[in-house]
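Chains, contacts and geometry: an overview
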Amino acid sequence: MQPSEDPMIRLEGVGKTYPDGTVAVQHLDLDVPRGSLVCLVGPSGCGKSTTLKMVNRLIEPTSGAISLDGRDVTRVDPVELRRHIGYVIQQVGLFPHQTVRTNVATVPSLLGWEKRRANERADELMSLVGLEPSVYAERYPHQLSGGERQRVGVARALAADPPVLLMDEPFGAVDPINRKNLQDEFLRLQRDLHKTVMLVTHDIDEAVKMGDHVAVFAPGGRLAQYDVPAEVLGRPADDFVAEFVGASRGLRRLSVTPILRGDLETSTDLTASGALETVPVTASLEDALALMMRQDEPAVAVVDHGQTIGVLTPSGIHAALRRSVAHGGVDGEADAASSGAGSHA
């Protein structure tokens, strides 16, 4: 992947070596485009979290340069820097003796906001993450489920409207159903808020689902590949990436492969019947297939601005997936963009 012309976050030759000689990160070059969500993924101990913590200087790099919106982070007071970066971790880290509203209002209060304004912002953010203030504002962390605590953590990170969010395994401590719901909710928020996000995960499925771009880290803190999800899945850069992504990467491509008009059938009785469930042309193949399976239907109708433009069948999905795997997803995604289609990734 080529460097971004206007990155919000840029790491140039960044390394971290500990006093005992352990190399956590080695000569890392990484651009995070403004308004994008970049997932750092890899096995345990490969430098993902260390990289994240170097951006907000919870860990100091031993070499290289890190800039945030064009400013060298090492020339900014670290406490002041962190007040302008949202930070979400797996353990959440809520203050146990403070209410949800007070927890969410923490950073605005530190920044000197008037109490009423800070509380109004807290209530606004609670609503945004799906926690009704009249129900949750006066509760304490121990009265919340794991998923609810994680939502509070996201709201707190967003409270001062920071341009950058750093998220370290943010959904890893919750059960699979809540994890999926939290992922979906955060993607909805990101579509509205357009933050610049770096998200650490060990789960390639989460990285493919969440990331506009995916950075695959190998042991020893080496960046093995950095690209859009379709390229990582379709064209692994080396044997390590291929093994880490796994043999099922062809199936994972369903979530990042858009629906193209050429995959649709137009001359079919199903189109005229009007009885089919519908998906928007901006959906992914995974969305369409999941709907077919849930409804036990042989096809779904694809709509663009309220008009049915064709029908997608399992044969169309199969053909699209084979093409996507063969071409790495690049050509298909370009065609989708020109026709108004596309997926999150």
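Structure shown above.
So, here is what we can say about the structure in this document. Throughout, a residue's number is its position along its own chain's written sequence, starting from 1. Where totals are concerned, whole chains, interfaces and linings use all residues; where local detail is concerned, this predicted model gives features only for residues with pLDDT of at least 70, and gives and counts side-chain atom pairs only at 80 or more. Derived side-chain values reflect all non-hydrogen atoms in the structure, with water molecules and hydrogen atoms excluded from consideration.

It is worth spelling out the packing of aromatic side chains at this point. Each aromatic pair joins two rings of Phe, Tyr and Trp (for Trp, the six-membered one) with centres within 6.5 Å, and gets the label stacked for planes under 30 degrees apart, edge-to-face for over 60, and tilted for any other angle. Applying the stated criterion to the full structure yields 1 aromatic pair. Between the aromatic rings of F240 and F244, the centroid separation amounts to 6.1 Å while the plane-to-plane angle is 15°, which identifies the pairing as stacked. Of this pair, F240 and F244 both sit in helix α11 (residues 239–245), 4 residues apart, which is roughly one turn of the helix. Here the guanidinium or amino end of R139 rests over the ring plane of Y136, the centre of that ring lying 4.8 Å away. The rule is short: NZ of Lys or CZ of Arg within 6 Å of the ring centre and within 35 degrees of the ring normal puts a charge over the ring. When the ring centre of F95 is taken as origin, the NZ or CZ atom of R156, which lies over that ring, is 5.6 Å away. Helix numbering and strand numbering both begin at the N terminus, where a helix is a DSSP run of H or I of at least 4 residues and a strand a DSSP run of E of at least 2.

All axes here are fitted lines through C-alpha atoms, helices being fitted over the stretch that makes contact, and every angle between N-to-C directions spans 0 to 180 degrees. Close contact between helix α7 (residues 146–158) and helix α8 (residues 176–193) brings their axes to 11 Å; oriented N to C, the two are set at 20°. Classified by the angle between their axes, α7 and α8 sit roughly parallel to one another. Relative to α8, the crossing made by α7 is right-handed. Note on element contacts: α8 touches α7 through N181, L182, E185, F186, L189 and L193, opposite G147, Q150, R151, V154 and L158. Each residue gets one of three labels, nonpolar for Ala, Val, Leu, Ile, Met, Phe, Trp, Tyr, Cys and Pro, charged for Asp, Glu, Lys and Arg, and polar for the others, Gly among them. Each residue belonging to the contact of α7 with α8 can be placed in one class, and the counts come to 6 nonpolar, 3 polar and 2 charged. Small angles under 35 degrees read as roughly parallel and large ones over 145 as roughly antiparallel, with 65 to 115 read as roughly perpendicular and the rest as oblique. Crossing handedness: left-handed means the near helix sits turned counterclockwise from the far one by under a right angle, and right-handed means the same turn made clockwise. By the convention used here, residues are in contact when the closest approach between their heavy atoms is within 4.5 Å.

Next up on the list: the pattern of salt bridges. Counted as salt bridges are all cases of a side-chain nitrogen of Lys or Arg within 4 Å of a carboxyl oxygen of Asp or Glu. Evaluation of the coordinates by the stated rule reveals 18 salt bridges. For D192, the salt bridge identified is with R188, shortest N-O distance 3.8 Å. Of this pair, D192 and R188 both sit in helix α8, 4 residues apart, which is roughly one turn of the helix. Throughout, exposure labels follow a simple rule: accessible area from a 1.4 Å probe, protein chains only, divided by the maximum for the residue type, with under 20% read as buried, over 50% as exposed, and the rest as partly exposed. D192 sits in the exposed class, given a relative accessible area of 51%. Two residues, D238 and R222, come together in a salt bridge whose shortest N-O distance is 3.3 Å. With D238 in the loop between α10 (229–234) and α11 and R222 in strand β10 (residues 222–227), the pair connects residues that are 16 residues apart, well separated along the chain. The exposure class assigned to R222 is partly exposed, which follows from its relative accessible area of 33%. Salt bridges sharing common partners tie together R101, D123 and E138.

Moving on, we get to the sheet that holds strand β5 (residues 71–72). Taken together, 4 strands build an open sheet; the order of strands is β2-β1-β4-β5 and the sheet is antiparallel. Each edge of the open sheet carries a strand with a single partner, namely β2 (23–33) and β5. When strand β1 (residues 7–17) meets β2, the two strands line up antiparallel, connected through 7 bridges. Bridge assignment links R10 to a residue of β2, and that residue is D31. The strands touched by helix α1 (residues 48–55) are β1, β2 and β4 (63–68); relative to β1, the strand with the most contacts, the crossing angle is about 120°. Two strands form a pair only when DSSP identifies at least two bridges running between them.

Take helix α14 (residues 285–295) next. Looking at α14, one finds that the buried residues are L285, A288, L291 and M292. Taken end-on, α14 shows its buried residues confined to a sector of 135°, consistent with a single buried face. Summarising the geometry of α14, the exposed residues directed more than 90 degrees from the buried face are M293 and R294. By arc we mean the arc of the directions from the helix axis to the C-beta atoms, nothing more.

This paragraph deals with unusual backbone geometry. A positive phi is found at D69, a non-glycine position, where the angle reads about 55°. Summarising the element assignment, D69 is placed in the loop between β4 and β5. Look at H305: it is not a glycine, yet its phi comes out positive at around 55°. Look at H305 and you get exposed, because its relative accessible area is 79%.

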